[in-house]
Amino acid sequence: MTVCVLGAGGWGTALAAMLGQHGQPSVLWARRPEVATRLQQERENRDYLPGVPLPAAVGVTADLTAATAGQDWALLMVPSVGIPELLTALPRTLGVVLCAKGLAPDGDRLTTLAARLGFGRVAVLSGPNHAEEIGRGLPAATVVASADAGFAAGVQAALMTPSFRVYTSGDVAGVELGGVLKNVIALAAGLIDGLALGDNAKAAIITRGLLEMGRYLSSQGADAATVYGLSGLGDLVATAGSLHSRNRAAGEAIARGQSPAQGGKVVEGIRTAGLLEHWATEHGQDLPIVRAVAQVVSGELTPQQGVADLMGRRGRAE
């Protein structure tokens, strides 16, 4: 069966290219017709994934109806802010696999939004998956989580290749929210890099950030163990430390007084930080790194003040 990939950014292009490299047909949908035309002609996404050719097994279209016609399910690869509009345009009989690592505009989970809109089969795909490496065929692993074990197994079977290992999970909240939180912690790690505060400070941010991830996941009914899996610790390690990470790079740019823009690529953690800080304040939850990052990206605090606030908190047991 053809895999339907909705969203021709770096991640969508990488996954379609990876599948094509292993002989799995896929159709890649681009929102803008001019982008689809360029991809068809050049067989390369020079804006978001340069140097990775699109195999012949990858079809490209800007027609959403044509992309989803005859499909059983689709991978939604657009940024979180574009998910509500895309979901509204899709037939409710289509299974949807949400791949954005962010929240809906109202702060709700994207899988919850999909279920509320009437989609019966909903899953989330998350893990340490840098598009730049997956597009080149380097080994990687990910997790697909769904309340429908059969649906998760079907997605797993379709996406597994010798270079891409897919695990399944029933903890939808844990897998989804791990990907959301790690972007904010990666921004904090980038701020540490930009301020040249050293490896000790960065290790502390990642470790205490993992604690905040676990605290938030538990509050949402997730399995506490999920935070130590691919969608939690694994994704956090990759995003907080990699030169490919746009969230880490954005934090570094902010610390240096530069624009956090990443060449037109969406930095999910910037918007997510504010949504999570609002939630934590409303519910009396202690997420100090999230709060510091939100205040820095909003301009309420300088990066130096954000670090000082974290270091100045009262002493406590680990």
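Within each chain, residues carry numbers counting from 1 in the order of the written sequence. pLDDT decides what is reported in this predicted model: residues at 70 or higher carry local features, side-chain atom pairs at 80 or more are listed and counted, and totals for whole chains, interfaces and linings draw on all residues regardless. Each side-chain value is worked out from all heavy atoms of the structure, with water and hydrogens disregarded.

Engineer: Can you lay out the sheet that holds strand S9 (residues 140–146) for me, pointing to particular residues and giving the numbers?
Structural biologist: Pairing in this open sheet of eight strands is mixed, and the strands run S5-S2-S1-S6-S7-S8-S9-S10 from one edge to the other. Because the sheet does not close on itself, it has two edges, and the strands there are strand S5 (58–61) and strand S10 (164–169). On average, each strand axis in the sheet is tilted by 25° relative to the strand beside it, whichever way the strands run. Strand direction decides the pairing type here: S9 and S10, joined by six bridges, are parallel. Paired with Thr142 across the two strands is Val166, which belongs to S10. Strands are treated as partners if at least two bridges between them are detected by DSSP. Strands are runs of DSSP state E lasting at least 2 residues, helices are runs of H or I lasting at least 4, and numbering of each runs from the N terminus. Orientation is described by axes fitted as lines to C-alpha atoms, over the contacting stretch for helices, and by angles from 0 to 180 degrees between their N-to-C directions.

Engineer: Please give an account of the packing of helix H8 (residues 172–194) against helix H11 (residues 246–255) that cites residues and values.
Structural biologist: Packed helix pairs are specified by the crossing angle of their axes together with the interaxial distance, meaning the distance between the axes. Orientation of H8 relative to H11, taken along the N-to-C sense of each, is 40°, at an axis distance of 6 Å. Relative to H11, the element H8 is oriented oblique. Between H8 and H11 lies a crossing whose hand is right-handed. From H8, Asn183, Ala186, Leu187, Ala189, Gly190, Leu191, Asp193 and Gly194 reach across to H11, where they touch Asn247, Arg248, Ala250, Gly251, Glu252, Ile254 and Ala255. By the convention adopted, Pro, Cys, Tyr, Trp, Phe, Met, Ile, Leu, Val and Ala count as nonpolar, Lys, Arg, Asp and Glu as charged, and the other residues, Gly among them, as polar. Counted by class, the contact of H8 with H11 contains seven nonpolar, five polar and three charged residues. Throughout, the term roughly parallel applies to angles under 35 degrees, roughly antiparallel to angles over 145, roughly perpendicular to angles from 65 to 115, and oblique to all others. What makes a crossing left-handed is the near helix being turned counterclockwise from the far one by less than a right angle; a clockwise turn instead makes it right-handed. Contacts between residues were defined by any pair of non-hydrogen atoms, one from each residue, lying within 4.5 Å.

Engineer: I'd love a proper account of the nonpolar core, names of residues and values included.
Structural biologist: Counting 37 residues, the largest nonpolar core has Trp11, Leu75, Val97, Leu125 and Leu159 as its most contacted members. It is helix H1 (residues 10–21) that contributes the most residues to this core, seven residues altogether. Remark: nonpolar core denotes a set of buried residues (Ala, Val, Leu, Ile, Met, Phe, Trp, Tyr, Cys) joined through side-chain atoms within 4.5 Å. Note on exposure labels: buried denotes an accessible area under 20% of the residue type's maximum, exposed denotes more than 50%, and partly exposed covers the range between, all computed with a 1.4 Å probe on protein chains only. Core analysis: the next-biggest nonpolar cluster, separate from the first, contains 31 residues, Met213, Ala222, Leu276 and Ile289 among them.

Engineer: Which residues make up the layout of surface pockets, and what are the values?
Structural biologist: Lining residues are defined by having an atom within 4 Å of a point belonging to a cavity or pocket. Those points lie on a 1 Å grid over the protein atoms alone, cavities being sets where a 1.4 Å probe fits but cannot get out and pockets being open sets with protein on both sides within 12 Å along at least five of seven lines. Grid points are joined across faces, edges and corners, and a volume is the space filled by probe spheres set on the points. By volume, the largest pocket is sized at about 1100 Å³. If you go around the largest pocket, you meet 44 residues; those closest to its centre are Gly9, Met77, Val78, Pro79 and Arg246. Among the secondary structure elements, those contributing two or more residues to the lining of the largest pocket are H1, helix H2 (33–42), helix H4 (83–89), helix H6 (131–134), H8, helix H10 (230–241) and H11. Put simply, the second largest pocket is a space of about 500 Å³. Forming the walls of the second largest pocket are 21 residues, and the residues nearest its centre are Ala204, Arg208, Leu310, Met311 and Arg313. If one sorts the elements of the lining of the second largest pocket by residue count, helix H9 (residues 199–219) sits on top with seven residues.

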